[in-house]
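# Overview (structure and organization)
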Amino acid sequence: MATEIIMPKMGMGMEEGTVVEWLKHKGEPVKKGESVVSISSDKIEKDLEAPEDGVLIGIEAEEDAVVPIGQALGYIGREGESVRGDTAAPDKEGASSVQTIETKEDRAAVVAEIVGDGVQPRLRVSPAARKLARTEKIDLKTVKGTGPLGRITKADVAAAADEQKNRLPVQPATLIKEKSVTESSAAVPDKGTARKVTGMRKVIAQRMYDSLQQTAQLTLQTTVDVTDLLAFQKTAREAYPIDDEVRLTITDFIAKAVINALLVHKEMNSTYSDNTITTYDGVSLGIAVALAEGLVVPVIQDADKKSLSAISREIRKASRAAREGRLDTLQLTGSTFSITSLGTYGIGFFTPVLNPPEIGILGVGTISEQPAYIGADIQKRSFLPLSLTFDHRAIDGAPAAEFLAAVKANLEAPFTLVL
Amino acid sequence: MAKQMTYSEAINDAIRLAMRKDENVILIGEDVAGGAEVDHLQNEGAWGGVFGVTKGIVEEFGRTRVLDTPIAEAGYMGAAVSAAATGLRPISELMFNDFIGSCLDEVMNQAAKFHYMFGGKAKVPLTIRTIDGAGFNAAAQHSQSLYALFTHIPGLKVVVPSSPYDIKGLLLTAIFDDDPVIVFEDKTLYGMKGEVGEGFYTIPFGKAEIKRAGKDLTIVGIGKQVYTALRAADQLAKKGFEAEVIDPRTLSPLDEDTIINSVKKTGRLIIVDEAYPRCSAATDIAAIVGDKAFDYLDAPIKRVTAPHSPVPFSPPLEKLYMPSPQKIIDAFSTMVGDNVFTTV
């Protein structure tokens, strides 16, 4: 009996995954536990293992295909066995997937996409548009509907399909043909390298676009005199026992200053969704970490209950895990406020983009040394640019400014951070 | 050769051709000759029906084949059904389709059932000509369009001709068809002129006509509503939308293929029907397309019909009651997006 290799559900929010690479060819024998296919979700890339010895007798989803969870990617069976005959009458054991799937939940997720789950608005799609989307392999969630009440029409899907085709790379065969026809190779224009937006990039694209489309965000900026903080950091580092996991970076101090400010200005420690502002007593702090192929925001939970060194340890651990691609070990949702830093790139002020449903994000710039008046004297001081983006739907300018002033005050009196 | 003729003249022409061709064809109804038992009207100048459609026929064929009856629908309809069952090809005129209540049993439970109940041994080659349609200020009891009532009943064929050419060809098909056929003549079309083929010709049942080709919208117009649809299509064309207008010509049998193929092309369907909206031809066509062409629909199917109300006598209200090009355009605008048309 053929066994299905199923797109597993690898996280709460996962609805579909992308086939990255088949590690076995059709017809190739596989051993139980051997990696067969590499897949990616929004967050992680993972190899699926063969559930039993056999032969890869069928591939349902080619590479780059986006497949809903619970759907078969391919089949493992005996040599010479056909896929069709077996799917018609799968036996109970054989039908078990590589990963254990909560089938009901998966089905529910698929149904929710079509009929709406009561929370997300129903996707309005005309039958003709839905049919065309199936044949053209267009993800309807990426199509903007122009019909009445935002209904996606056939024309909308056709336009999306055209766009997708235009983005596809030029076939090598066509290029070679063009070259041989054209006498001067310089006449062939550089068409660039197109790549389909999938996985993490797709999620970032959607989330950032939604953030800017659906919130009322603006940015306040302030400069913090961190001369004393730098001195304090130096002293603290020397005083703290040598520990591979704790280095007490400026980011750690900023995180602590933000947490302390959030505990006073609770209105900033909120989320906005479904026309509801929810304010939290405890702080779960998101720390944006840049990766080669995107970014993630691991969350330090219960950050308000943790000491500076504990926070430092967690930030270090999370960013290391993120950079090493061990995202499945990270908490990536539930943050109440986030910090993003471009400090290592010489960037001063910038306009961070909100990480909804959060209503605030603090952008950390690069410290620079500047002359400043201290009393009547001019001194060399160190300044840190901070940029606070907030959602004006949830909070007004004055309280947001008060929060930012509190962060500044905390950083300018660094001993308060360890009290 | 074709010549210009009114809808009414085309009917008269068809009946004469049929009666000349086959002596079993007879005409029976109230006032179809006119002047029965009236001395000075025995030979010429007879009325020829309430709209004068059959005028002159009694002069050619005599009162044995053109029979005026008392105002007793059940009686003469029963006679016509029996005559059909026993070898004649009667054309029975029901003066207004609104009067069917007085003779429904003869049509629904006798004529429509014989062929089936006698295992195919009996046939009822009866043609009922009747008059329908609003827009003539004839009030609620003389203005209905009841073709859906008959379309509902198996064993009856239902014809809704919209032009002089069509009524002649379809009426001749009806007369020589071996099943009971009911032909709906819209009273407001009687004066309409158009090209009509000379001599004997027939138009097959179940064959719709595409009156206008288009790619953006299919409009099915029933009876005279084909013209409302065509006027709407002209206005839509000015806005850059090409509507395909289909005249089904017969509701039973219905040419589903032509309608479905059109919807497969356009993705949108409006049915224009001046009859009541519930359990109507429009509703029936909408259901068929929703069922068989679901995957091709790019917008909800819309029906432009009368409201669920009797036809008003007041001329301004009657005008408001009827489908109009603007109502079709309004329906279309809700299908493609509310901002497409502000005014047309």
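Cut-offs applied
Residues numbered from 1 in each chain as written. Chains lettered and ligands numbered in written order. Predicted model: local features only at pLDDT ≥ 70, side-chain atom pairs only at ≥ 80, totals over all residues. Heavy atoms only, no water. Helix = DSSP H or I, 4+ residues; strand = E, 2+ residues; numbered from the N terminus. Buried < 20%, exposed > 50% of the residue type's maximum accessible area, 1.4 Å probe, protein only. Contact = heavy atoms within 4.5 Å. Areas by Shrake-Rupley, 256 points an atom, 1.4 Å probe, with all protein chains shown as cover. Axes fitted to C-alpha atoms, helices over the stretch in contact; angles between N-to-C directions. Parallel < 35°, antiparallel > 145°, perpendicular 65-115°, else oblique. Left-handed = near helix turned anticlockwise from the far one by under 90°. Nonpolar A, V, L, I, M, F, W, Y, C, P; charged D, E, K, R; others polar. UniProt positions renumbered as here; feature names shortened; annotations may be inferred. Core = buried A, V, L, I, M, F, W, Y, C linked by side-chain atoms within 4.5 Å. Domains from an automatic or database assignment. Expected span 1.5 Å × (residues − 1). pLDDT = per-residue confidence, 0-100.

Moving on: the overall build of chain B. Within chain B one finds 11 helices and 14 strands. When the 344 residues of chain B are sorted by exposure, 57% land in the buried category. Considering only contacts in chain B between residues 6 or more positions apart, those separated by 24 or more positions represent 80%. For chain B, the accessible surface area stands at approximately 14,100 Å², while carbon and sulfur atoms represent 55% of it.

The subject of this paragraph is the overall build of chain A. On a plain count of helices and strands, chain A comes out with 10 helices and 19 strands. A burial count over chain A gives 39% of its 419 residues as buried. Within chain A, contacts between residues separated by at least 24 positions form 62% of all contacts whose residues are at least 6 apart in sequence. About 23,000 Å² of surface is accessible on chain A, with carbon and sulfur atoms providing 52% of the total.

Let us look at the packing of helix 7 (residues 225–238) of chain B against helix 11 (residues 325–336) of chain B. To describe two helices that pack against each other, one gives the angle between their axes and the distance between the axes. Residues and elements named next belong to chain B. Where helix 7 contacts helix 11, the two axes come as close as 8 Å, and the packing angle between them is 55 degrees. In this view, helix 7 runs oblique relative to helix 11, as classed from their interaxial angle. Pair helix 7 / helix 11 crosses with right-handed handedness. Within the contact between the two elements, helix 7 uses T228, A229, R231, A232, Q235 and L236 and helix 11 uses P325, I328, I329 and F332. Class assignment for the residues of the contact of helix 7 with helix 11 results in seven nonpolar, two polar and one charged.

This next bit is on the side chain of H265(A). The residue H265(A) is located in the loop between helix 8 (250–264) and strand 10 (270–273) in this model. Beyond its immediate chain neighbours, meaning those up to four positions away, H265(A) contacts E402(A), F403(A) and A406(A).

The subject of this paragraph is the UniProt feature "domain: Peripheral subunit-binding (PSBD)" (unreviewed entry) in chain A. Under the local residue numbering, the UniProt record ascribes the feature "domain: Peripheral subunit-binding (PSBD)" (unreviewed entry) to residues 124–161 of chain A. The annotated region residues 124–161 of chain A carries 47% helix and 0% strand content, and the separation between its end C-alpha atoms amounts to 18 Å.

All right, on to the nonpolar core then. Membership of the largest hydrophobic core comes to 46 residues, with the highest contact counts inside it found for F150(B), I285(B) and V289(B). When residues of this core are traced back to their parent elements, those giving at least two are helix 3 (73–85), helix 4 (104–117), helix 5 (147–151), strand 7 (181–186), helix 8 (256–266), strand 13 (269–273) and helix 9 (281–292) of chain B. Residue-level mapping places this core at the junction of two domains, with at least three residues from each of domain 1 (2–197) and domain 2 (209–336) of chain B. Filtering out sequence-adjacent residues up to four positions away, I285(B) remains in contact with V220(B), I222(B), L254(B), I259(B), L269(B) and I271(B). In this structure, L248(A), A400(A), V407(A) and L417(A) belong to the second largest nonpolar core, which totals 41 residues.

Our next topic: the environment of F114(B). Residues and elements named next belong to chain B. Within the fold, F114 resides in helix 4. Here F114 falls in the buried class, since its relative accessible area comes to 18%. A sequence separation of 29 residues divides F114 from A85, and the C-alpha atoms of the two residues are 8.2 Å apart. Residue contacts for F114: discarding those within four places in its chain leaves V81, A85, A122 and V124.

Now for the side chain of T340(A). Residue and element names in this part refer to chain A. Assignment of secondary structure puts T340 in strand 16 (residues 337–341). Of the residues examined, T340 reaches a relative accessible area of 16% and is grouped as buried. Other than its neighbours up to four places away in sequence, T340 contacts A288, F350, P352, I361, L362, G363 and V364.

What is expected of a backbone is that most residues other than glycine have negative phi and most peptide bonds are trans. Looking along the chain, the bond that leaves P356(A) and enters P357(A) is cis, with omega of 5 degrees. One can find P357(A) in the loop between strand 16 and strand 17 (360–364). Here S252(B) and P253(B) are connected by a cis peptide whose omega angle stands at 5 degrees. In this fold, P253(B) is placed in the loop between strand 12 (250–252) and helix 8. Its identity as a non-glycine residue notwithstanding, D64(A) has a phi of 80 degrees, on the positive side.

Residue and element names in this part refer to chain B. Here helix 6 (residues 164–175) contains 12 residues, and its C-alpha end-to-end distance of 17 Å stays within 8% of the 16 Å for a straight helix at 1.5 Å per residue. Among the 12 residues of helix 6, 11 are classified as buried, and the element is accordingly described as predominantly covered. Where helix 6 is concerned, the buried positions are P164, D166, I167, K168, G169, L170, L171, L172, T173, A174 and I175.

Before going further, it helps to examine the confidence of the model for chain B. Scored by pLDDT, chain B has a mean of 94; 96% of the residues are at 70 or more. Predicted complex metrics record ipTM = 0.71 and pTM = 0.55.

Attention now goes to the packing of helix 1 (residues 7–21) of chain B against helix 6 of chain B. Residue and element names in this part refer to chain B. Remark: helix 1 packs on helix 6, axes separated minimally by 8 Å, with the N-to-C direction vectors making an angle of 30 degrees. Looking at the two axes, helix 1 sits roughly parallel to helix 6. Where helix 1 crosses over helix 6, the handedness of that crossing is right-handed. Side by side, helix 1 and helix 6 meet where Y7, A10, I11, D13, A14, I15, L17 and A18 of the first sit next to P164, I167, K168, L171, L172 and I175 of the second. For the contact of helix 1 with helix 6, a count of residues per class yields 12 nonpolar, no polar and two charged.

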